[in-house]
Amino acid sequence: MEIKPTAGYNIYKANMRNTSNPENSSAKSAPSAATGKMDTISISAQGAQQKEAAKLTAAITKEVTADADAAKIDALKKAVQNGTYHIPAEKIAQAILNGLFA
């Protein structure tokens, strides 16, 4: 990848054009104390989704580990390894449907 020394300046110029006309900006803005110009910050939809997914993952992990009983986990591991662990098909179907329509 070639890095041109003017690339940073071009980004700076484009940013200055966007901030000099605040009517075109859809992001939240805050005035800069030194120059009186507007700074803008925006979070993409993908970034917001990633943040929400990280929150959900942390919450689920916390909930699962909080109620984890070592004896129960060992019993489940042994049942899976022995091939005796059985999940009713109705429960699997219900979990899939809950995931789709939740």
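In this text, all values refer to a predicted model and were calculated from it rather than measured experimentally.

Okay, the overall build of the protein next. For the protein, the helix and strand inventory stands at four helices and two strands. For the protein, with 102 residues in total, the buried portion stands at 2%. For the protein, the accessible surface area stands at approximately 9400 Å², while carbon and sulfur atoms represent 59% of it.

Taken together, the side chains of Leu76, Val80, Tyr85, Ile87, Ile92, Ile96, Leu97, Leu100 and Phe101 define a hydrophobic patch exposed on the protein surface, amounting to about 910 Å² of accessible area. When residues of the nonpolar patch are traced back to their parent elements, those giving at least two are helix H3 (70-82) and helix H4 (89-101). If you tally residues by element for the nonpolar patch, the top one is H4, at five residues.

This paragraph deals with the confidence of the model for the protein. In this model, the protein carries a mean pLDDT of 75, and residues with pLDDT of at least 70 account for 63%. For the stretch residues 22-27, pLDDT sits under 50, and the model shows five contacts to residues farther than four places along the chain or on other chains.

Before going further, it helps to spend a moment on H3. When the terminal C-alpha atoms of H3 are compared, their 18 Å separation across 13 residues agrees well with the 18 Å that a helix rising 1.5 Å per residue should span. Of all 13 residues making up H3, only one are buried, and the element is barely covered by its neighbours.

Scoring rules and cut-offs
- Residues numbered from 1 in each chain as written.
- Predicted model: local features only at pLDDT ≥ 70, side-chain atom pairs only at ≥ 80, totals over all residues.
- Heavy atoms only, no water.
- Helix = DSSP H or I, 4+ residues; strand = E, 2+ residues; numbered from the N terminus.
- Buried < 20%, exposed > 50% of the residue type's maximum accessible area, 1.4 Å probe, protein only.
- Areas by Shrake-Rupley, 256 points an atom, 1.4 Å probe, with all protein chains shown as cover.
- Patch = residues over 30% accessible without salt bridge, like charges linked within 9 Å, V, L, I, M, F, W, Y side chains within 5 Å.
- Salt bridge = Lys/Arg side-chain N within 4 Å of Asp/Glu carboxyl O.
- pLDDT = per-residue confidence, 0-100.
- Contact = heavy atoms within 4.5 Å.
- Expected span 1.5 Å × (residues − 1).

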